[in-house]
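# Summary of the model geometry
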Amino acid sequence: MRRVLHWGVIGLALTVSLIILTMLVQERVTVTSAMTVGAMSLLLAAAVIGGFGVVDRSPAAVLTLVFFVLYLVPENYVLVGPLKSVGNPALLGGLAALTLWGAGRVLALIVARPSHPIRWTIFGYVVVSGVSLAAAMMRPVTAAEAAGSTRAIFPLLAMIGIAILACDGLASVGEVSKVLQRIVWVGGGAALIGIMEFFSASFNYRTVMKVPIFTTNTEIINGQRSGFQRVDGAAAHPIEYAVALAALVPLAVHFAIHGKTRRARHTSIASLALILAVVPMTVSRSGILAIVVGLVVYGATLAPRMRFNFAVLGVAGLLAFSFVVPGLLGTIRSLITVGSADPSISGRTEDYAKIPSLLDGHWIFGRGLGTFQPLQYFYLDNQYLGSLIEGGLLVLTALILLYIAGMGCARGARRRLTDVHERSLCQAMLASVAALAASSGTYDELSFYQTGFLLFLLLGCIGAVWSYAKDRTAASVGPRAPQSSADRPTEVLSRIPA
């Protein structure tokens, strides 16, 4: 079945491509219409693959499908019908992941390791978020705050579904590696879309993906910064697009070095190059910060010769990028070094002074999950402060513990494993979580699907590898031999005469 599915999808892609090319040559359709047909065919193929994955009870296929639509379907597109904002395909996929995990636990198809630190940390985050929501409902709220609370419930459940399905459903490092490698390749495709948008003013990806099954829930208006048009691909904002791709850089480096086949390594190298090229095109400081943190954390475990090679390649890449897109790197350097003189930075820091008054009487439980609406208050590009306002000290502490637990379990799994490839994967996941933790201080990360879902997927994958590493350690130690009666200290002491 897998072989038939594999060649069937390839045959479908070639057939559709040939038909579209023939119609373009004969001028029967426009370029935009042809690309729309291609987008519909791509989504149909993804749905077929995802359907086979569900039937085959493959969490890896389900998670791959979720992130395929997450990175390639515009975030403001929802399914036609009454679902409205809940009809986002990636959001529905995350809710389906939660449903599949629950069904798997009931039917004993998924065995959850007891006392798992990742699962308990996620469970604690859900509990305190629920307490915050309940506390908000006990005070007078505006209509916008009530609607925001309702909308915030579904993304939270979707993120939890992705995390625990990965944590308990992926049974080995090989399955985790398969999922993350696919997402790196999808990220490379998403980066290619942004590069096309940057160099072609006539190319509009949202127009291409506007197939009949989708409708827009909100309008996304992208602007310019310092004279450059910012690209955002399928994301809701250029910053989200930059961070969601930048966090994949450590994973892309890992698979470029440790891919199982030559084709896998070359594809990962291509994805890495595309991601590194597109992040500056977003003109986003948060994306640059995520890349720097991710590479520093991952590179800390590389051999000195390997670090030197990557440094040389990085310098060559920067020179080539400066030649292809003159002035962009200098603009980003100016944005980073300008400090508080930048109006966008000074505007944010001035808004921070309003936070104590908003938290008056709400320091413990916050104002409530989803109640901080920027249109009603102000934009706050800081996830830590956003969590403090909405969930108080409880949710802020739980969020910090999520990052600590993820990085701590990745480090613990790396120390237990002996295989070089597996240890490198642990370090790459740790670096990606560290990149997301750093960028949370510069923008509201969990308010966007791409970065929020990616964080919880990484936590779930780290949990799966941690369980695998602990089981391997227990198996290598083996059962302890029973002690003889002479070796039991209590019985030895009991035979000593008083």
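This text goes with the structure placed above it.
What comes next concerns the included structure. (Residues numbered from 1 in each chain as written. Predicted model: local features only at pLDDT ≥ 70, side-chain atom pairs only at ≥ 80, totals over all residues. Heavy atoms only, no water.)

## Side note on the overall build of the protein chain
Convention followed: Here a strand is any run of E in DSSP of at least two residues, a helix any run of H or I of at least four, and the numbering for each starts at the N terminus. Note on contacts: a residue pair is in contact if any heavy atoms of the two residues lie within 4.5 Å. Under the convention used here, a 1.4 Å probe and the Shrake-Rupley method define accessible areas, while residue burial counts only the protein chains that appear.
Helix and strand counts for the protein chain stand at 20 helices and four strands. Relative to all contacts within the protein chain whose residues are 6 or more apart in sequence, the contacts with residues 24 or more apart total 77%. A total accessible area of about 23900 Å² is found for the protein chain, and carbon and sulfur atoms account for 67% of it.

## Re the nonpolar core
Stated precisely, the cut-off is as follows: Here, nonpolar core refers to any group of buried Ala, Val, Leu, Ile, Met, Phe, Trp, Tyr and Cys residues whose side-chain atoms link them within 4.5 Å. The buried label applies to any residue whose accessible area, calculated with a 1.4 Å probe on protein chains only, is under 20% of its type's maximum; exposed applies above 50%, and partly exposed to all values in between.
Counting 125 residues, the largest nonpolar core has Phe-67, Tyr-71, Leu-180, Leu-251, Phe-453 and Phe-456 as its most contacted members. Sorting elements by how many residues they give to this core places helix 19 (residues 449-477) first, with 15 residues. By size, the runner-up hydrophobic cluster in this structure holds nine residues, among which are Ile-355, Leu-359, Phe-372 and Ile-389.

## Considerations on the packing of aromatic side chains
Spelled out, the test is: Working definition: rings of Phe, Tyr and Trp (its six-membered ring) pair if their centres are within 6.5 Å, and the pair is stacked with planes under 30 degrees apart, edge-to-face with planes over 60 apart, and tilted otherwise.
Scanning the entire structure with this criterion turns up eight aromatic pairs. Aromatic pair Tyr-125 and Phe-456: ring centres 6.2 Å apart, planes at 50 degrees, arrangement tilted. Remark: Phe-456 occurs in helix 19 and Tyr-125 occurs in helix 5 (residues 117-137); sequence separation between them is 331 residues. In this pair, the class of Tyr-125 matches that of Phe-456, namely buried.

## Some details on the environment of Tyr-125
With a relative accessible area of 6%, Tyr-125 lands in the buried category. When the C-alpha atoms of Tyr-125 and Leu-396 are compared, they prove to be 9.2 Å apart, with 271 residues separating the residues in sequence. The contact partners of Tyr-125, leaving out residues within four places of it in the chain, are Leu-156, Val-395, Ala-398, Leu-399, Leu-402, Leu-446 and Phe-456.

## Quick word on empty space enclosed by the protein
Heads up, the rule is: Cavity and pocket criteria rest on a 1 Å grid covering protein atoms alone: a 1.4 Å probe that fits but cannot get out defines a cavity, protein on both sides within 12 Å along at least 5 of 7 lines defines an open pocket, and an atom within 4 Å of a point defines a lining residue. Grid points are joined across faces, edges and corners, and a volume is the space filled by probe spheres set on the points. All amino acids are sorted into three groups, where Ala, Val, Leu, Ile, Met, Phe, Trp, Tyr, Cys and Pro are nonpolar, Asp, Glu, Lys and Arg are charged, and the leftover types, Gly among them, are polar.
For the structure on display, the rule yields one cavity of 30 Å³ or more. In this model, the largest cavity occupies a volume close to 30 Å³. Around the largest cavity, the lining residues are Val-69, Leu-70, Val-73, Glu-75, Asn-88, Ala-90, Tyr-449 and Gln-450. Mapped by element, the contributors of at least two residues to the lining of the largest cavity are helix 3 (59-72) and helix 19. Tallied by class, residues from the lining of the largest cavity come to five nonpolar, two polar and one charged.

## Focus on helix 5
Rule in force here: Helix span, as expected, comes to 1.5 Å for every residue beyond the first.
With 21 residues, helix 5 extends 30 Å from end C-alpha to end C-alpha; this agrees with the ideal 30 Å at 1.5 Å per step. Those residues of helix 5 that fall on the buried side of the exposure criterion are Ile-118, Arg-119, Thr-121, Ile-122, Tyr-125, Val-128, Ser-129, Ser-132, Leu-133 and Ala-136.

## Observations concerning the side chain of Thr-451
What counts here: For this analysis, a polar contact is any N or O atom pair within 3.5 Å, provided that within protein one partner can donate a hydrogen and the other can accept it, and provided that sequence-adjacent residues contribute only side-chain to side-chain pairs.
Residue placement: Thr-451 occurs in helix 19. In terms of polar contacts, Thr-451 uses its side chain to reach the side chain of Tyr-443, at 2.6 Å. For Thr-451, the contacting residues outside a window of four places in its chain are Glu-240, Val-243, Ala-244, Tyr-443 and Glu-445.

## Here we look at the packing of helix 5 against helix 6 (residues 143-169)
Defined as follows: Note on method: axes are straight lines fitted to C-alpha atoms, helices fitted across the in-contact stretch only, with angles between N-to-C directions ranging 0 to 180 degrees. Small angles under 35 degrees read as roughly parallel and large ones over 145 as roughly antiparallel, with 65 to 115 read as roughly perpendicular and the rest as oblique.
The geometry of helix 5 relative to helix 6 is characterised by a closest axis approach of 11 Å and an angle of 170 degrees between their N-to-C directions. When the axes of helix 5 and helix 6 are compared, the pair comes out roughly antiparallel. Only Ser-149, Ile-153, Leu-156, Ile-160, Ala-163, Ile-164 and Asp-168 of helix 6 make contact with helix 5, whose side of the interface consists of Arg-119, Ile-122, Tyr-125, Val-126, Ser-129, Leu-133 and Met-137. Considered class by class, the residues forming the contact of helix 5 with helix 6 number ten nonpolar, two polar and two charged.

## Some details on a positive patch on the surface
The following threshold applies: Candidate patch residues must exceed 30% relative accessible area and have no salt bridge, after which like charges are joined if within 9 Å and Val, Leu, Ile, Met, Phe, Trp or Tyr side chains if within 5 Å. Salt bridges, as used here, are contacts in which a Lys or Arg side-chain nitrogen is within 4 Å of a carboxyl oxygen on Asp or Glu. Under the convention used here, Asp and Glu are negative, Lys and Arg are positive, and both His and the chain ends fall outside the count. Here the site of a charge means atom NZ of a Lys, CZ of an Arg, CG of an Asp or CD of a Glu.
Taken together, Arg-411, Arg-415, Arg-416 and Lys-470 make up a surface patch of like positive charges. Here the positive patch gets three residues from one element, more than from any other, and that element is helix 17 (residues 383-416). On the secondary structure map, Lys-470 appears in helix 19. Note on Lys-470: relative accessible area 31%, which makes it partly exposed.

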